[in-house]
Amino acid sequence: MLEDARAASKGQRSTSVSPGFLVPCVWLHSTHANRSLPHVGVSILADSPPVREYFSTNASEATTKFGAACTAAKVPVESILHPLTAPDGSPLVVSIARLGALDASRRLLVLSAVHGVEGFAGAGVQTGLADQTRALLPPDTSIILVHLLNPWGVAWNRREDHENVDVFRNLLYHDHPSTPDPLFDEIDAALDLPHWTDPARNDDTRQALAARYGVDRLIAAVRRGQHHKPRGLSYHGQGRCWSTKVLHDVVDRYLAGARRVAVIDTHTGFGPHGHGLVMSYDPPGSVQHQRVSRWMRGDLYTPGSDADIPAHPRTPYGFIENRIPGAEVTATILEYGTEPPEITRDLFPANAHYHLYGNPRSPEGLEVGVRYRRFLYPETDPWKAAVWTRGLEVVTIVLRGMSDW
Ligand SMILES: [Zn+2]
């Protein structure tokens with residue numbers, strides 16, 4: 001494990017085998033072009049609160065802060081209640097706000113918490129956007145903020161929703177079920193999530209799988225996901241999950257009439273600490289991928305370059321063009337780095353075990369939960385400041401790109 005960490009600190013790729021083997025042994029370097037903040041029509045207020053105030057420690061606080069920032073900006077907020085509640089009984093809410101004109105032909109959709117607890121980062125950015133970008137958006141442009149799309153996952157410390165559905169993959173596959181990777185079932189059996197904490201359990205099967213296929217192949221099979229094991233990892237769900245239905249409804253009502261739609265979907269857990277990698281899931285040769293690359297001046301990460309970020313056959317946001325006739329869509333993922341993943345590679349199956357088969361409130365479940373959350377939300381002031389700075393930078397770059405689109 002220490003050797004993994006040392007290799008990671010040098011930016012080297014490690015291929016050592018771990019019993020968990022689900023988080024890749026890789027640490028990225030990026031050229032970080034375009035680090036200075038361009039000013040392209042977004043007004044930044046001088047009397048803003050400290051950046052750390054944009055970020056929250058729980059879903060309820062995030063909803064309150066976002067609502068307060070919108071109210072101060074005289075921006076109405078729509079609240080959609082989730083059918084369940086947070087662990088403390090408080091309501092779970094998706095909040096939607098629009099900055100700019102109702103009938104703008106260009107609309108930027110900014111999403112947080114598609115992957116549940118990863119959403120604290122994007123929610124902080126959204127609160128900052130509501131606070132600081134009150135006016136002077138580029139002409140004929142609006143920003144639609146969808147805050148905590150999967151609020152249950154935020155509140156319950158899971159990337160997945162209340163039915164164990166990975167919402168990102170549900171957006172991709174709800175109407176195009178993927179062909180199962182035959183290796184997934186072997187991995188699922190070897191992981192044996194129901195007995196993850198059984199002291200009699202041995203790792204021989206998993207070690208043998210890793211030796212036979214290689215760690216990256218196993219990671220890729222799991223990360224691509226599946227739709228036939230509802231209590232397994234990376235479950236796509238059957239049909240539209242709750243959050244997908246909400247997003248479809250929001251798109252219908254907030255994007256109707258748009259001609260150009262850009263998407264920034266915020267995530268965490270991959271890349272250099274505090275930096276936000278911009279990705280395009282459109283095929284590299286596509287007009288959309290090339291457009292994002294041009295906007296980012298080539299500082300674009302292409303999925304499929306690493307086992308942890310597998311390529312998918314299409315973007316999760318292609319559905320927007322089907323629902324909004326006449327609209328062209330260009331979607332990006334903004335993925336913030338947290339910790340080197342090789343020191344946390346057992347956390348994903350461990351957290352899944354306690355939520356699906358064990359007790360996440362047990363001392364062992366809580367201990368795993370704290371580490372899992374820290375991996376997806378480091379929650380230090382420097383990290384939050386970096387997340388906000390990069391978030392504003394990417395929003396600004398995309399708005400500038402939309403102006404020329
Ligand atoms: Zn994610």
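Refer to the structure printed above.
Since this is a predicted model, take the numbers as computed values, not measurements. For every chain, the first residue of its written sequence is number 1, and the numbers climb from 1 along that sequence. Under the rules for a predicted model, residues below a pLDDT of 70 receive no local features and side-chain atom pairs below 80 are neither given nor counted, while totals for whole chains, interfaces and linings still include all residues.

> How do you make sense of the overall build of the protein chain when you look at a structure like this?
A count of helices and strands for the protein chain gives 14 helices and 7 strands. Think of it as a crowd count around each C-beta: if 20 or more other C-beta atoms lie within 10 Å the residue is buried, if 12 or fewer it is exposed, and in between it is partly exposed, with C-beta placed from the backbone throughout. Counting only residues that meet the buried cut, the protein chain has 51% of its 405 residues in that class. Relative to all contacts within the protein chain whose residues are 6 or more apart in sequence, the contacts with residues 24 or more apart total 78%. Runs of E in the DSSP output that reach at least two residues are strands. Runs of H or I that reach at least four are helices, and both are numbered from the N terminus. Any two residues are considered in contact once their C-beta atoms, placed from the backbone, lie within 7 Å.

> Sorry, what's going on with unusual backbone geometry here?
Apart from glycine, the bulk of residues carry a negative phi angle, and the bulk of peptide bonds sit in the trans form. Unusually for a residue other than glycine, Leu148 sits at a positive phi of about 60°. Within the element layout of this structure, Leu148 appears in the loop between β4 (141-147) and α4 (151-156). Despite not being glycine, Asn164 has its phi angle at roughly 65°, a positive value. Note that Asn164 resides in the loop between α4 and α5 (167-173). By the C-beta count within 10 Å, which is 19 here, Asn164 ends up partly exposed.

> Help me out: how do you make sense of the sheet that holds strand β3 (residues 106-111) in this one?
The strands that make up a sheet pair up through hydrogen bonds in the backbone, lying either parallel or antiparallel. What makes two strands pair is DSSP finding at least two bridges between them. Read from one edge of the open sheet, 7 strands run β1-β2-β4-β3-β5-β7-β6, paired in mixed fashion. Lying at the two open borders of the sheet, with one neighbouring strand each, are β1 (77-85) and β6 (276-279). Going across the sheet, the axis of each strand differs from the next one's by a mean of 20°, ignoring polarity. As paired elements, β6 and strand β7 (residues 328-337) share 4 bridges and run antiparallel to each other. For Gly276, the partnering residue across the bridge sits in β7 and is Tyr336. Axis definition: a line fitted to C-alpha atoms, limited for helices to the stretch in contact. Angles are taken between N-to-C directions and run from 0 to 180 degrees. Taken strand by strand, helix α9 (residues 242-254) contacts β1, β2 (91-100) and β4, and its axis lies near 25° from that of β2.

> What should I look at first to understand the nonpolar core in this one?
Generally speaking, a soluble globular protein has its nonpolar side chains buried in company with each other. Core membership is restricted to buried Ala, Val, Leu, Ile, Met, Phe, Trp, Tyr and Cys residues, and these are joined into a nonpolar core through C-beta atoms within 7 Å. Grouped together as the largest cluster of nonpolar side chains are 107 residues, with contacts concentrated most on Leu149 and Val398. Ranked by the residues each element gives to this core, the list is headed by helix α14 (residues 381-404), at 10 residues. Residues within four places of Leu149 in sequence aside, it is in contact with Val94, Leu111, Ser112, Ala113, Val114, Val167, Ser243, Val246 and Leu247.

> Please clarify how the packing of helix α2 (residues 59-72) against helix α3 (residues 119-132) should be interpreted in this entry.
If you want to describe how two helices pack, look at the angle between their axes and the distance between the axes. Contact pair α2 / α3: the axes reach a minimum separation of 8 Å and the direction vectors enclose 15°. What the angle tells us is that α2 and α3 run roughly parallel. In this structure, the crossing between α2 and α3 has a hand that is left-handed. For the pair α2 and α3, the contacting residues are Ala62, Lys65, Phe66, Ala69 and Cys70 in the first and Phe120, Ala123, Gln126, Thr127, Ala130 and Asp131 in the second. Counted by class, the contact of α2 with α3 contains 7 nonpolar, 2 polar and 2 charged residues. Geometric relationships in this document are graded by angle, where less than 35 degrees denotes roughly parallel, more than 145 denotes roughly antiparallel, 65 to 115 denotes roughly perpendicular, and other angles denote oblique. Crossing handedness follows the turn of the near helix against the far one: under a right angle anticlockwise gives a left-handed crossing, and clockwise gives a right-handed one. Classes in brief: Ala, Val, Leu, Ile, Met, Phe, Trp, Tyr, Cys and Pro nonpolar; Asp, Glu, Lys and Arg charged; the others, Gly included, polar.

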